[in-house]
Protein chains: 4
Amino acid sequence: MTAETPAINVNLVPLPHLTDYLPDLKPHTSPLQHNHFYHPSHGFYLSPSDVIIRHTIYDLSGYSPSLLLPQPTTHYGVREIFGIKAGYRGFYSVDPVRLDVKMVHNWHKRGGTVLETSRGGFDLEKIVNAIEDHGYNQVYIIGGDGTLRGAVKIFNEIQRRKLYVGVAAIPKTVDNDVGIIDRSFGFQTAVEKAQQAISAAHVEAESAPNGIGLVKLMGRSTGHIALYATLSSRDVDCCLIPENEFYLNGKGGLFEFLDEQLKQNGHAVVVVAEGAGQDLIPRTDAEKQERDESGNPVFLDVGVWLKSELKRWWARDHEGELFTVKYIDPTYMIRAVTANATDNLYCTLLAHSAIHGVMAGYTGFVAGPINGNYAYIPMDEIAETKNQVDTKDHKWAWVRSITTQPDFERS
Amino acid sequence: MTAETPAINVNLVPLPHLTDYLPDLKPHTSPLQHNHFYHPSHGFYLSPSDVIIRHTIYDLSGYSPSLLLPQPTTHYGVREIFGIKAGYRGFYSVDPVRLDVKMVHNWHKRGGTVLETSRGGFDLEKIVNAIEDHGYNQVYIIGGDGTLRGAVKIFNEIQRRKLYVGVAAIPKTVDNDVGIIDRSFGFQTAVEKAQQAISAAHVEAESAPNGIGLVKLMGRSTGHIALYATLSSRDVDCCLIPENEFYLNGKGGLFEFLDEQLKQNGHAVVVVAEGAGQDLIPRTDAEKQERDESGNPVFLDVGVWLKSELKRWWARDHEGELFTVKYIDPTYMIRAVTANATDNLYCTLLAHSAIHGVMAGYTGFVAGPINGNYAYIPMDEIAETKNQVDTKDHKWAWVRSITTQPDFERS
Amino acid sequence: MTAETPAINVNLVPLPHLTDYLPDLKPHTSPLQHNHFYHPSHGFYLSPSDVIIRHTIYDLSGYSPSLLLPQPTTHYGVREIFGIKAGYRGFYSVDPVRLDVKMVHNWHKRGGTVLETSRGGFDLEKIVNAIEDHGYNQVYIIGGDGTLRGAVKIFNEIQRRKLYVGVAAIPKTVDNDVGIIDRSFGFQTAVEKAQQAISAAHVEAESAPNGIGLVKLMGRSTGHIALYATLSSRDVDCCLIPENEFYLNGKGGLFEFLDEQLKQNGHAVVVVAEGAGQDLIPRTDAEKQERDESGNPVFLDVGVWLKSELKRWWARDHEGELFTVKYIDPTYMIRAVTANATDNLYCTLLAHSAIHGVMAGYTGFVAGPINGNYAYIPMDEIAETKNQVDTKDHKWAWVRSITTQPDFERS
Amino acid sequence: MTAETPAINVNLVPLPHLTDYLPDLKPHTSPLQHNHFYHPSHGFYLSPSDVIIRHTIYDLSGYSPSLLLPQPTTHYGVREIFGIKAGYRGFYSVDPVRLDVKMVHNWHKRGGTVLETSRGGFDLEKIVNAIEDHGYNQVYIIGGDGTLRGAVKIFNEIQRRKLYVGVAAIPKTVDNDVGIIDRSFGFQTAVEKAQQAISAAHVEAESAPNGIGLVKLMGRSTGHIALYATLSSRDVDCCLIPENEFYLNGKGGLFEFLDEQLKQNGHAVVVVAEGAGQDLIPRTDAEKQERDESGNPVFLDVGVWLKSELKRWWARDHEGELFTVKYIDPTYMIRAVTANATDNLYCTLLAHSAIHGVMAGYTGFVAGPINGNYAYIPMDEIAETKNQVDTKDHKWAWVRSITTQPDFERS
């Protein structure tokens, strides 16, 4: 099907511009180009020739395989639904829980998971055996990237065994690190709650002479929560994320920047994603050896480390002056919170979308929104991608222009 | 520029389907087709041949006029910013308020508007005179559709006078009735807060035998808040919006539906958008004459009317049985609330986007997101469109399948 | 036992006073005595000779009847607990609901009542018959003053029949109109939530030229919620309660006061308890006849009436000037909310206290705090009293001094 | 004045008791006496002969020195008010901030302190000199026990110098460790917010097999926040406070109790006050030497220690079984929060009460509620007392009966 590549016709209308009727107008030159903390890179912004396409759904039925399938509808007369407890291991080590409407009635008003969660314990053979033995004919798998990689394996094994079992995955991770789709479920709730932690840090920082509020936010490989919370709250002076290496000392470093902020405002708020600065934190020999379940080096606590480095810096450079660091790690208070309206809505639509897809016979897909429309995306494609903060795009540019933080590119 | 219509090449990859390896598979037929409350219309759902385009920004520089403009950047060295109080009339009837960073520091943490608002009082000549007299060279106008129509007139007059004044509009309306863009500022906060009202109505309804919780939500010409709040909360049994005419009595009417709900669950929650049912409410002769500032018939209070109709219905059909209607009108508690994180973020990006556009010389535009990207759209196009709930698309389909409410199409 | 009246010895220590070492000091005279809105009455404040007793529990065992009873303890090995649905009528018209720990596990995290509530339907014979028939030996009755009067009747009938049934009542009413005890369950949550409504009204009032925010709060016979919310929020300019008659026009009236407030601040917030101003609202002949279930004249909606009176006043006295009234009736949003920590704690202690009392053999009592200690008070005494706002005491004085509102005593 | 000790007459009315009309009734014996975790001590409960006094204000004017003072009133025509920044050192090291109504208008809606705070830096001579030099004639000092001890010194020095300066202190500490008064400002807000942390811990614990939620709450010398939050939330299985020594291993220890809880419920929530268990945590030699500003041994982090001890215990006794500890330290998120309605009200009344007292010429006092009435208490008495949790009284008894936690008294 790749060859047909249809042409989509677009009509372009130019935007009014002052030069349309004032042809001699001279453009602004940007004074920020001389700011020594701020070096906007090429490609930071959309250019005047960039065009955003609004209608993103096209009926390409001429190009699509003709399927004799019903329209996805609801109320399919499903007889039995089971919940699997405690993650993948739950397929074979715990009895499934029979779910009904009354039982799950208020689950969306609670945080956490009634079905429990656990890490590790993935035995492919046993899982697919359990699916066969229990006679499940649809499997919905909810989780983040580790979960999705497991789902791909399960789907492949089901295909290999030619089972009449549809498999769909639903992207749920507060970190928002799932690729291709617009965002993952839980992310906006996390940003909302993260803002409260930042607000608390701001209050604490403002309440002390030379007060620094330090907030560690979730995000091992990506800084989305830190980035969005920074843009939302407007109280952040510096946002540190894994995608943007930083350094502490010397020209253009964090301490130089904070020194200036404290001189100007008397306080500062720093947000750090948990995956940031992992290369900066000294590791003991034991920690160098230690690996997590996936074989990666274990994560060290960047918040605790940064707090102590800040204190050392101040004691070294500002002896006798008052200084306070208030460190907040809101991780579990963010995780445990009930979904907000946006995520509740999103989750409703995800669930319906996934069910319709499986009922229509599709399988091996992730249900998720692309440009606001609920699409089905092949599972393996999602599992291979990673949604990282693009420090060359405009969102990060906005963080930089709001905070005026350094770009941490040693010149 | 219309003629060039570039071809955008897309590679299409088919989604796995059970029929790929189970060719004899019979599809489900939808049992819902026999539900007498639920008639899914043609086009309700995306069809298998629909394709959603993910990359929606294309560099069409070959097709675009070549502009010698700087990249939009921040920190332009602006010297003076003024706020206009009390709406359009404020241009000529009140002194402008000089704004500085310290003054506006915490404005985004408050609801309402520090600059005050008012209705009516638009004198085009006086407004543009004031813009000239004060020497403003950039005008940012924030508001909903009435405000946008005024902004178009101001922009046209500025063009006519060939003033060196950039004009940008920022779409702010909780109703989300601005067309073309993804959503307007304030909408998601309103949905979040509306959910609390629905939740309260649900609690009240559940706490009484034959309890009905009735919530009136904002939305004069569109039911977006009602729709989104219904999908978010999951507690709603019937959602009435202006785009979907309804009726009370008889087969397929509201009362028949509620009767069934009360029998089954003992309670029900009804959400009604303020613009719904305007044709059903009897008007006095005076009300028939009365017009609002724009010359339209005045709105009658659908919530108060529906509450009394519900009581009359019950007294008529269920004499002696317990019955309670708890009516909640959360309008001002929703309007006055502080923006949530999503709207705060959105507003930050809107503001930056608008400033960059004006600084780059664009004018007469609305700044707003299209498919998640911040675009500049000609102001008059926005002013001419109206974002209404499409009762033929999948979002409304989902409302229908969650609530099982009737489609109110008299058969 | 009345005769013994023990003497309690108190040691009084004088408080330091500037005149101790500055004997010639002249006292301040109060400038407020000349404020024409503010006439503090005799007895408004504690006087220097008033003494507050701190230790309020005295062991008067010499004076008390010697009871051979066990210490109240928990975990009594109770076998069966039933809930009665839908109020008093539920004793004889609905099956009781068997309660267990798992079932009620999260009830305290929900607003409203799972057991449902209803008004009216009290048939003493049938209720006590049901208690006998089901073999209940302890009855806990939760509610406000109407409920308490019913409880007294039930207790008296149980005494008359000499049943082995302990009866305890737990005071629950957001209005806080239960006498003798410190406060009733739900009141502080209501005040907390009422503050949000006031805050919204304040935001709306501030956002409009000559904006008035009007909030109707619960309280038919008492203005406690209005009073406490006013003292908590600090945004209120005038607080109208049933205990303090008011008038609109003329010298010292509401409109004169608001006129001055709008001139000075541009906006004003008015809080009105639902029972205030009932005598001012004109009644139709039908309304004059109408009685509620207890035979009292029906309540008219003071909020809706006051809103229209405000508009009439402005149109009459300030023609052509901008004016806005934003009216908020948060009643059901307050009622439906989950109890806050203070009320949760209070409720826990009330419940334990009531159980211990009944288990120890006491009966016919209300469990409630007096000066912070959980006491048992004879039910009939509570049913006879009414906790009203004392407009002669210091709390009301504080409202007056915060708001500078008139005392509405026509001079 | 000590000698006069007036007799207060009280009328005692007995409470109904089932034995009044059922004289042969046998009392319940408590089955809890056989629970091996629960040993109620003597004095845990009020006894039947305890009497609670309701009217706690008596006019003892015959016994009081006759003062020719005005009634405290408001609106005293004060001309200038200054705020001192950054604590006691601010008297002599920073310029005072002139406060006016407009400036402080919204301060009560923010958390933290606009005037900043700091520890240490108390130079009595310089402070009182500054008071003289600036010509302050009233000093209001807001803070906890350290602040109050400083206030006593300032008051004494002012007395010694015979200055015409009134001194009042306002008790503000989330810990609620100020003696004599009912509670300190900030405490109820802290309990409210602490409940959210407990709720998050509960959600996390419930979401994992053998999940333990561990929450560290404020309270160095007292466990009030832990106690009240435990009674409010009902989700806590064990509450550890400084006033109740505990141990981990062996019979009746924490681990034995948690083992049983996990077996029964699959999860458990533990709350620990920051001052609890300080004697159990091993100290390095350096830590043994280290003293804080007041010369006391430094506090070690009981939360971090307990988390690691829990992990060690499980690894030792339950090898191979799933286990999770989720540790939440909400300290700064609690501290930074805006006061709730109860504390806002309390603070309003405290402030008014303090002002009236000083205006009336009283000095050297703390303003605070005793049994709900706002009293003036000599400052030195307050500074000498400490409000600790009485583990012999009924509040702690209720914690014990709700949690069924051990009493940690090695038998």
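Note that the structure is predicted; figures quoted are calculated from it, not measured. (Residues numbered from 1 in each chain as written. Chains lettered and ligands numbered in written order. Predicted model: local features only at pLDDT ≥ 70, side-chain atom pairs only at ≥ 80, totals over all residues. Heavy atoms only, no water.)

Engineer: Hey, could you run me through the pairing of strand β5 (residues 138-143) of chain B in this one?
Structural biologist: In the case of a regular strand, side chains alternate between the two sheet surfaces. Residues and elements named next belong to chain B. Of the two faces of β5, only one is covered, namely that formed by V139, I141 and G143; the face formed by Q138, Y140 and I142 stays uncovered. Sheet topology places β5 next to strand β6 (residues 166-171); six bridges connect them, and they run parallel. For Q138, the partnering residue across the bridge sits in β6 and is G166. (Buried < 20%, exposed > 50% of the residue type's maximum accessible area, 1.4 Å probe, protein only. Helix = DSSP H or I, 4+ residues; strand = E, 2+ residues; numbered from the N terminus. Pairing = 2+ DSSP bridges.)

Engineer: Which parts of the structure should I look at to understand the nonpolar core?
Structural biologist: One finds F91 and I131 of chain A, L217 of chain B, L217 of chain C together with I131 of chain D to be the most contacted residues of the largest nonpolar core, which totals 157 residues. Excluding its chain neighbours within four sequence positions, the residues that come into contact with L217 of chain C are A194, I198, I225, A226, A229, V271, V272, A273, E274, P330 and I334 of chain C. Formed by 156 residues, the second largest nonpolar core is a distinct cluster that contains V269 of chain A, V139 and L350 of chain B together with Y136 of chain C. (Core = buried A, V, L, I, M, F, W, Y, C linked by side-chain atoms within 4.5 Å. Contact = heavy atoms within 4.5 Å.)

Engineer: Please explain the sheet that holds strand β7 (residues 211-217) of chain B as it appears in this structure.
Structural biologist: One key point about sheets: their strands pair by backbone hydrogen bonds, in either a parallel or an antiparallel sense. Residue and element names in this part refer to chain B. Across the sheet, four strands lie side by side as β8-β9-β7-β10; this open sheet has parallel pairing. In the strand order of this sheet, the two ends are held by β8 (238-240) and β10 (324-328), each with one partner. When the angles between neighbouring strand axes are averaged without regard to direction, this sheet yields 15°. Pairing of β7 with β10 involves five bridges; the strand directions are parallel. Residue pairing in the sheet places L214 in a bridge with Y327 of β10. Lying on the sheet, helix α6 (residues 187-206) is in contact with β7, β9 (267-273) and β10; it crosses β7 at an angle near 165°. Contacts between helix α8 (residues 254-265) and the sheet are confined to β7, β8 and β9, with β9 contributing the most and set at about 145° to the helix. (Axes fitted to C-alpha atoms, helices over the stretch in contact; angles between N-to-C directions.)

Engineer: Would you mind showing me how to read the environment of L262 of chain A here?
Structural biologist: Residues and elements named next belong to chain A. Mapped onto the fold, L262 is located in helix α8 (residues 254-265). Residue L262 is classed as buried on the basis of its relative accessible area of 4%. Through-space distance from the C-alpha of L262 to that of G211 is 8.0 Å; in sequence the pair is 51 residues apart. The residues touching L262, leaving out its near neighbours within four places in the chain, are N210, G211, I212, H267, A268, W313, W314 and F323.

Engineer: Help me understand the domain arrangement of chain A, please; the structure alone is not making it clear to me.
Structural biologist: Interface size is commonly expressed as the accessible surface area that is lost when the partners come together. All names here are of chain A. If you check the domain split of chain A, you get domain 1 (18-185 + 340-383) and domain 2 (189-337). Between domain 1 and domain 2, the contact holds 12 residues from the first and 18 residues from the second. Of the roughly 1,100 Å² buried between domain 1 and domain 2 on both sides combined, carbon and sulfur atoms contribute 50%. Applying the counting rule to domain 1 against domain 2 returns zero salt bridges. Partitioned by chemical class, the residues of the side of domain 1 that touches domain 2 number two nonpolar, six polar and four charged. (Domains from an automatic or database assignment. Buried area = accessible area lost by both parts, 1.4 Å probe. Salt bridge = Lys/Arg side-chain N within 4 Å of Asp/Glu carboxyl O. Nonpolar A, V, L, I, M, F, W, Y, C, P; charged D, E, K, R; others polar.)

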